[in-house]
Structures are given as structure tokens and as C-alpha cells.
Amino acid sequence: MSEKARILVVDDELPVCKSVASALADGDCAVDTVLSGEEALKKCKDVGYDVVITDLMMPGISGMDLLKAVHEMNSDTCIIMITGYPSIQSAVHAIKLGAFDYIPKPFTPNELRSLVSRALARKRAHDEVETESRKDLSIPDGLYCIPDNAWIKIEKDGTVRAGAHHNLLSTMKSIHAVELPAVNETRYQGEA
């Protein structure tokens, strides 16, 4: 991706739009902002965005509705959900609907830039793969996964194997630690 990355920020609060745009403003990306889901849909039809960063709770078209609509228009657009009302259920739902990731407010500019950097790296990795070869990928039986992210497999003896998809690993510089749940501890998809 030699040209500037195109990013759209969607939030019904102007200060949030401005702070997100300010955190991302540099020579590598062009950032547009809109104050509603309706405006975002119009922009997405006219402009091919690499990343859309949207608030979850907005009047009119919600962030979740926007996620669905943008994903239907262009499944290669990475969508990052932001919210001031985080919950495991909404995070899981957003990821299942195709969100790249989910970040609760307040977040630091560095956290946001890191997440956008990962999204753009994933987009570059996807752009390098031929469209036809991606259509033919299928998930084997017994494998639970977040596509292009992570997977688990429950073995016949009850043990669980977990792994990371190569597309996720290609978006990270390094893994410093892996924290596993305790024996008999329940974890849900999307939970940190």
C-alpha cells in the first residue's frame, strides 16, 4: 500500500472525532471524520476506506448497524469499534459480525495508533493474497475460530489447543507473553 491509508472516524461527538483524527494525523494516512452513521455510509460508498473507526452507540444508524453495512459493501475494510460502554457481549457480537477489533474509551493515542497499525498490516496482508484463494478457505470441523485471528480445538481427551492465525501474527511485531486461563476457568470469545 504505497499511497496514504484512508481512515474514516465516525462518532456523534465532535471532540471524539477530532481527538481520534489528531492521534492518527501523520504522513502515512488521510483521516476523514463524520458525526453520524448515515454520513458514514454515504462516505463509504464514495471513498474506499482501509479502516473505519466507529462509535458503538450513536443515534440513527448505530455502530453495529454501520459495521454490518460497511462489511457488506467492502469486506476488506477493517472496522474498529470504540465505545464508552464496554461489555463482553457487545465485543463478542462485534467481532462475530466482522469487526477487526474493539477498543473501550478512554484509550490512549498510542493504543489507538497501535490498533490502527495492526489493522493496516492485516489489510496489506489480505491485499497480497489473491481474492479467489481466500474464497476457497474453509474451517475444518471441530475448530472454533475468529477468522484471521485465533483458533481453538477441543481434542478427544478434553484438552484444548489454541493458536494464532498467521494473519494475526503478521500484524504484530512480537509476542511478549501469553496468559492462559486457570484450570476450569471460563473465557469467552472477544474477552481479553
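Everything numeric here is computed off the predicted structure, so don't read it as measured data.

**So, the sheet that holds strand β7 (residues 150-154)**
- If you trace the 3 strands from one edge of the open sheet to the other, you get β6-β7-β8, paired in antiparallel fashion. Of all strands in the sheet, those bounded by a partner on one side alone are β6 (143-146) and β8 (160-164). Between one strand axis and the next, the sheet turns through 15 degrees on average, direction left out of account.
- Of the strand pairs in this sheet, β7 and β8 are connected by 5 bridges, and their pairing is antiparallel. In the sheet register, isoleucine 154 faces β8, and the bridge partner there is valine 160.

**A look at the packing of helix α2 (residues 37-46) against helix α3 (residues 63-73)**
- Running from amino to carboxyl end, α2 crosses α3 at an angle of 10 degrees, the nearest separation of the two axes being 11 Å. Considering the angle they form, α2 stands roughly parallel to α3. Of the residues in α3, those in contact with Gly37, Ala40, Leu41, Cys44 and Lys45 of α2 are Leu66, Ala69, Val70 and Met73.
- Along the lines of polarity and charge, the residues of the contact of α2 with α3 split into 7 nonpolar, 1 polar and 1 charged.

**Quick look at the sheet that holds strand β2 (residues 29-34)**
- As summarised here, the arrangement of the 5 strands in space is β2-β1-β3-β4-β5, forming an open sheet in which the pairing is parallel. Only two strands of the sheet have a single partner each, and these edge strands are β2 and β5 (101-104). Strand after strand, the sheet turns through a mean of 20 degrees between neighbouring axes, direction not considered.
- Across the sheet, α2 touches β1 (5-10), β2 and β3 (51-55), and the angle it forms with β1 is around 160 degrees.
- Against the sheet, α3 engages β1, β3 and β4 (78-83), with an angle of about 180 degrees to β4.

**Here's the deal with the pattern of salt bridges**
- Taken as a whole, this structure holds 7 salt bridges when the rule is applied.
- Note that aspartate 50 is salt-bridged to lysine 123, the shortest N-O span being 4.0 Å. On the criterion of sequence distance, the pair formed by aspartate 50 in the loop between α2 and β3 and lysine 123 in helix α5 (residues 109-128) is long-range, its members being 73 residues apart.
- Overall, the relative accessible area of 10% leaves aspartate 50 in the buried class.
- According to the relative accessible area criterion, lysine 123 is buried, its value standing at 9%.
- Bridged by salt links that share partners, the residues Arg6, Asp32 and Lys43 form one connected network.

**A short note on a nonpolar patch on the surface**
- The grouping of Tyr144, Ile152, Ile154 and Val160 at the surface amounts to a nonpolar patch, some 380 Å² of accessible area in total.
- Within the element layout of this structure, valine 160 appears in strand β8.

**Some thoughts on α3**
- Those residues of α3 not exposed but buried are Gly63, Met64, Leu66, Leu67 and Val70. For α3, the angular spread of buried residues about the axis comes to 155 degrees, placing them on one side.
- Against β1, α2, β3, β4 and α4 (88-96) lie the buried residues of α3.

**Let's talk about α2**
- When we look at burial in α2, the residues that qualify are Gly37, Ala40, Leu41 and Cys44. Along the axis of α2, the buried residues cluster in a sector spanning 100 degrees; they form a single face. Residues Lys42 and Asp46 are exposed on α2 and point more than 90 degrees away from its buried face.
- Here the buried face of α2 lies against β1, β2, β3 and α3.

Quick notes on the rules
Residues numbered from 1 in each chain as written. Predicted model: local features only at pLDDT ≥ 70, side-chain atom pairs only at ≥ 80, totals over all residues. Heavy atoms only, no water. Pairing = 2+ DSSP bridges. Helix = DSSP H or I, 4+ residues; strand = E, 2+ residues; numbered from the N terminus. Axes fitted to C-alpha atoms, helices over the stretch in contact; angles between N-to-C directions. Parallel < 35°, antiparallel > 145°, perpendicular 65-115°, else oblique. Contact = heavy atoms within 4.5 Å. Nonpolar A, V, L, I, M, F, W, Y, C, P; charged D, E, K, R; others polar. Salt bridge = Lys/Arg side-chain N within 4 Å of Asp/Glu carboxyl O. Buried < 20%, exposed > 50% of the residue type's maximum accessible area, 1.4 Å probe, protein only. Patch = residues over 30% accessible without salt bridge, like charges linked within 9 Å, V, L, I, M, F, W, Y side chains within 5 Å. Areas by Shrake-Rupley, 256 points an atom, 1.4 Å probe, with all protein chains shown as cover. Arc of directions from axis to C-beta.

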